[in-house]
Amino acid sequence: MAPEQIFDIVFYMEIIGTIAFAASGAMTGIHRGMDIFGVCVLGVVTAVGGGMTRDMILGNIPGALVRPVYVMVAVASALLVFSVLYFRNGLLQGKPGLLYDRAMFIMDSVGLGIFTVMGVMTGIQNGYPDNTFLLVFLGTLTGVGGGLLRDIMAGVPPYIFVKHIYACASVVGALSCVWIYRAFGQTPSMVISALLIILIRFLAAYFHWNLPHIKQES
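What counts, and at which threshold
- Residues numbered from 1 in each chain as written.
- Predicted model: local features only at pLDDT ≥ 70, side-chain atom pairs only at ≥ 80, totals over all residues.
- Heavy atoms only, no water.
- Helix = DSSP H or I, 4+ residues; strand = E, 2+ residues; numbered from the N terminus.
- Rg over C-alpha atoms; globule rule 2.2 N^0.38 Å.
- Buried < 20%, exposed > 50% of the residue type's maximum accessible area, 1.4 Å probe, protein only.
- Areas by Shrake-Rupley, 256 points an atom, 1.4 Å probe, with all protein chains shown as cover.
- Patch = residues over 30% accessible without salt bridge, like charges linked within 9 Å, V, L, I, M, F, W, Y side chains within 5 Å.
- Salt bridge = Lys/Arg side-chain N within 4 Å of Asp/Glu carboxyl O.
- Axes fitted to C-alpha atoms, helices over the stretch in contact; angles between N-to-C directions.
- Parallel < 35°, antiparallel > 145°, perpendicular 65-115°, else oblique.
- Left-handed = near helix turned anticlockwise from the far one by under 90°.
- Contact = heavy atoms within 4.5 Å.
- Nonpolar A, V, L, I, M, F, W, Y, C, P; charged D, E, K, R; others polar.

Caption draft 1: Quick look at the overall build of the protein. Counting its secondary structure elements, the protein contains 9 helices and 0 strands. Here the C-alpha radius of gyration of the protein, 17 Å, is about what a compact globule of 218 residues would show, namely 17 Å. C-alpha atoms of the protein, sized along the principal axes, occupy 50 × 45 × 30 Å. Looking at the protein as a whole, 47% of its 218 residues are labelled buried. Put simply, the protein shows about 11600 Å² of open surface, and 69% of that area lies on carbon and sulfur atoms.

Here it is, written out as structure tokens:
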């Protein structure tokens with residue numbers, strides 16, 4: 001596959017992930033009663049926060065600042081979500097609300113898969129193709145970092161610690177991305193690993209998989 005085609009695939013995957021995460025961040029802000037500015041900030045933080053943290057660890061200027069298209073897409077996505085719910089306040093009640101929750105779950109899972117593999121690829125491109133631990137760390141951080149910052153800013157228990165298999169799916173996907181990259185190259189590793197993460201998330205939700213936790217006595 002030509003380098004230009006690989007670049008296009010990566011770019012479109014990043015845009016899809018940005019829209020997915022920005023929408024989830026905006027919804028969190030809306031549920032917490034934030035105004036339109038707060039909703040936009042939370043949408044942007046969710047979409048680019050993990051990637052910016054990853055870039056700073058690698059000693060680079062955050063990509064979202066060098067290429068502000070991701071921030072603009074995140075703001076536009078958050079504004080769209082806010083506008084729809086502002087003018088249709090009861091839109092998410094009843095069956096439409098259930099459908100929306102499912103759509104958000106799908107988008108959040110897609111975003112997790114895409115950003116996890118993007119984090120691994122960024123580590124490889126920065127000269128660490130043989131450091132498995134670092135690559136998995138960067139992939140997981142990119143995948144879950146924005147959501148973690150979102151929940152901290154919104155004052156809610158971080159989703160990755162309390163709900164279904166989330167961070168673990170990112171870790172598994174990052175590991176598979178590293179191994180498949182070394183055996184088959186960039187494009188297969190990104191596509192297969194992102195799909196694996198999405199599949200794990202869907203199975204975890206369908207079968208109600210959760211990590212063990214201690215139930216507190218009331």
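Having seen it, we continue.
Caption draft 2: Looking closely at a nonpolar patch on the surface. Together, Leu199, Leu203, Tyr206, Phe207 and Trp209 make up a nonpolar patch on the protein surface, roughly 540 Å² of accessible area in all. For Tyr206, the position within the fold is in helix H9 (residues 186–207).

Caption draft 3: Inspection of the packing of helix H6 (residues 132–154) against helix H8 (residues 167–184) at higher detail. Between H6 and H8, the shortest axis-to-axis distance is 8 Å and the interhelical angle comes to 135 degrees. If you check the angle between H6 and H8, you find them oblique. Pair H6 / H8 crosses with right-handed handedness. Along its contact with H6, which presents Thr132, Leu135, Val136, Gly139, Thr140, Gly143 and Val144, the element H8 presents Ala167, Ser170, Val171, Ala174, Leu175, Val178 and Arg182. When its residues are assigned to classes, the contact of H6 with H8 shows 8 nonpolar, 5 polar and 1 charged.

Caption draft 4: Representation of the pattern of salt bridges within the structure. Scanning the model with the defined rule gives 2 salt bridges in all. Taking the shortest distance from any N to any O, the salt bridge between Asp151 and Arg150 comes out at 2.9 Å. On the basis of relative accessible area, Asp151 is assigned to the buried category, the value being 4%.

Caption draft 5: Expanded view of the side chain of Ser109. Mapped onto the elements, Ser109 comes out in helix H5 (residues 95–125). Setting aside residues up to four positions removed in sequence, Ser109 forms contacts with Ile198, Arg201 and Phe202.

That is the geometry; function is a separate question.
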